[in-house]
Amino acid sequence: MAAVQLSGIYKRYGDTQVVHGIDLHIDDGEFVVLVGPSGCGKSTLMRMVAGLEEISGGDLLIGKTRANHLPPQQRNISMVFQSYALYPHLSVYENIAFGPRIRKEAPASFKPRIEAAAKMLNLGGYLDRLPRALSGGQRQRVAMGRAVVREPSLFLFDEPLSNLDAKLRVQMRTEIKALHQRLKNTVIYVTHDQIEAMTMADRIVVMNAGRIEQIGRPLELYDRPENLFVASFLGSPSMNFAEGIVVKHAHASGLALKLADGSEIVLERAPASATTGAKVTLGVRPEHIETVTQTPDVTMQVEVIEPTGAETHLYGKIGGNTWCVTTRQRSEMQPGERVTLSLPAAHIHLFDTESGRRLV
Ligand code: ADP
């Protein structure tokens, strides 16, 4: 296994720079997820680590070796793609054995590895089957088996679950995480799906437009996003936002946020830098909003009610933005009714509207 170090990595296609100086250290044995919207440069970054794209600038270390110019086969990496890329005419066993055979390893040396990988991936009963006689999830497991028998220093996963249906995706998510816990290998995993990132990663790297927005443990990022992009990207339903101007509170002492519709939200924990007149965006997650009968912070007219079974999402408008309030109680509410809401100070995030940076 190996640590990976990216220092000032950038990528240019002709005149267009698409990755802008990435600095990232990945520890030996760590599971790191690169997440971000489509086109933010995550695949390009991963393909540079794999040796499938030339690195335009910066340094890539895999273990202690500078790998910028190493051919892919010398990087000791296994990659699992979205398309499983199995050989249709070869059995499961032969698909998994393909790498060792190409490298002319003796069957006696690789057979135990294949059997162990097949057992670990629950493919033991399918070794003689052709890929077309397998389900999508089983095919993806064969692709993982092929990666595992190489015993690489580094595993790269590029959106490996995108072709699976929702239920299988959840199941394979758990399997990949369990596999990592057993093998304790270094993993870089690319996805646009923030739930995959949250549930699988030791650390998440949130990317946007070729740059890193924030790096941290899943709950660190969830609880303390450093900017509006990360705040809105992680979480489903996503964080609610209200843009306003900091004013002296009309009725009490202290500061409030005046929204475009003229309503005010009291800022109990106003940051030192938020002087009156500052343009500030308040954020609060749907599950942190409480429905109250007395002294509400805001009132919302409910437009849509979504029961999910475990919880209910209430949607309405605050300050011109659509907000979601998640409650664990089942609701008898009808569209058009008003709910009175409290926004607990400990769960309020404040951002500078212009720079997007976190204030509190
Ligand atoms: P992601 O994996 O996050 O969806 P990509 O790494 O695939 O993003 O792409 C990042 C950016 O680089 C995109 O704007 C894409 O259009 C651009 N890009 C990718 N490949 C090429 C290429 N071969 N030539 C020019 N631009 C490219």
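What counts as what
- Residues numbered from 1 in each chain as written.
- Predicted model: local features only at pLDDT ≥ 70, side-chain atom pairs only at ≥ 80, totals over all residues.
- Heavy atoms only, no water.
- Pairing = 2+ DSSP bridges.
- Helix = DSSP H or I, 4+ residues; strand = E, 2+ residues; numbered from the N terminus.
- Axes fitted to C-alpha atoms, helices over the stretch in contact; angles between N-to-C directions.
- Domains from an automatic or database assignment.
- Contact = heavy atoms within 4.5 Å.
- Buried area = accessible area lost by both parts, 1.4 Å probe.
- Polar contact = N/O pair within 3.5 Å; in protein donor to acceptor, adjacent residues only side chain to side chain.
- Near = heavy atom within 4 Å.
- Areas by Shrake-Rupley, 256 points an atom, 1.4 Å probe, with all protein chains shown as cover.
- Nonpolar A, V, L, I, M, F, W, Y, C, P; charged D, E, K, R; others polar.

## Digging into the sheet that holds strand β9 (residues 203-208)
Strand order in the open sheet made by the six strands is β6-β7-β8-β3-β9-β10, with mixed pairing throughout. Two strands lie at the open edges of the sheet, namely β6 (77-80) and β10 (211-216), each paired on one side alone. On average, each strand axis in the sheet is tilted by 15° relative to the strand beside it, whichever way the strands run. One ladder, built from five bridges, connects β9 with β10; its direction is antiparallel.

## With respect to the domain arrangement of the protein chain
For the protein chain, the assigned domains are domain 1 (4-231) and domain 2 (240-352). For domain 1 versus domain 2, the distance between C-alpha centres works out to 40 Å. Counting residues at the interface gives seven residues for domain 1 and seven residues for domain 2. For the pair domain 1 and domain 2, the summed buried area comes to about 620 Å², and 60% of that belongs to carbon and sulfur atoms. Taken as a group, Tyr222, Leu228 and Ala231 account for 77% of the area that domain 1 buries against domain 2, more than any other trio of residues on that side. Here domain 1 and domain 2 share two residue pairs in polar contact (both at pLDDT 80 or more) between them.

## As for the side chain of aspartate 158
Tracing the sequence through the fold places aspartate 158 in strand β7 (residues 154-158). Setting aside residues no more than four positions away along its own chain, aspartate 158 makes contact with Ser43, Met46, Met79, Val80, Phe81, Gln82 and Val190.

## So, unusual backbone geometry
Following serine 236, the chain continues to proline 237 via a peptide bond in cis, the omega torsion being -5°. With respect to the helices and strands, the residue proline 237 is situated in the loop between α8 (228-233) and β11 (240-248). The backbone of lysine 104 sits at a positive phi, close to 60°, despite the residue not being glycine. Inspection of the secondary structure assignment puts lysine 104 in the loop between α2 (92-102) and α3 (107-120).

## Digging into the site of the ligand
Taken together, Tyr13, Val18, Pro37, Ser38, Gly39, Cys40, Gly41, Lys42, Ser43 and Thr44 are the residues near the ligand. In the environment of the ligand, a nitrogen atom lies 3.4 Å from a nitrogen or oxygen atom belonging to the side chain of tyrosine 13. Interatomic distance of 3.0 Å between a backbone N/O atom of glycine 41 and an oxygen atom of the ligand. Contact with the protein chains covers 55% of the free accessible surface of the ligand, which is 570 Å². Top contributing element to the shell around the ligand by residue count: helix α1 (residues 42-50), with three residues. Among the residues forming the shell around the ligand, the class breakdown is four nonpolar, five polar and one charged.

## Side note on the pairing of strand β4 (residues 57-62)
Here strand β1 (residues 4-13) pairs with β4 via five bridges, running antiparallel. Bridging across to β4, tyrosine 10 finds its partner in glycine 57. The sheet contact formed by β4 and strand β5 (residues 65-66) spans two bridges and is antiparallel. Residue leucine 61 lies in a different strand from β5, and its bridge partner there is arginine 66. Between β4 and β5, which follow one another and run antiparallel, lie two residues, and glycine 63 among them has a positive phi close to 65°.

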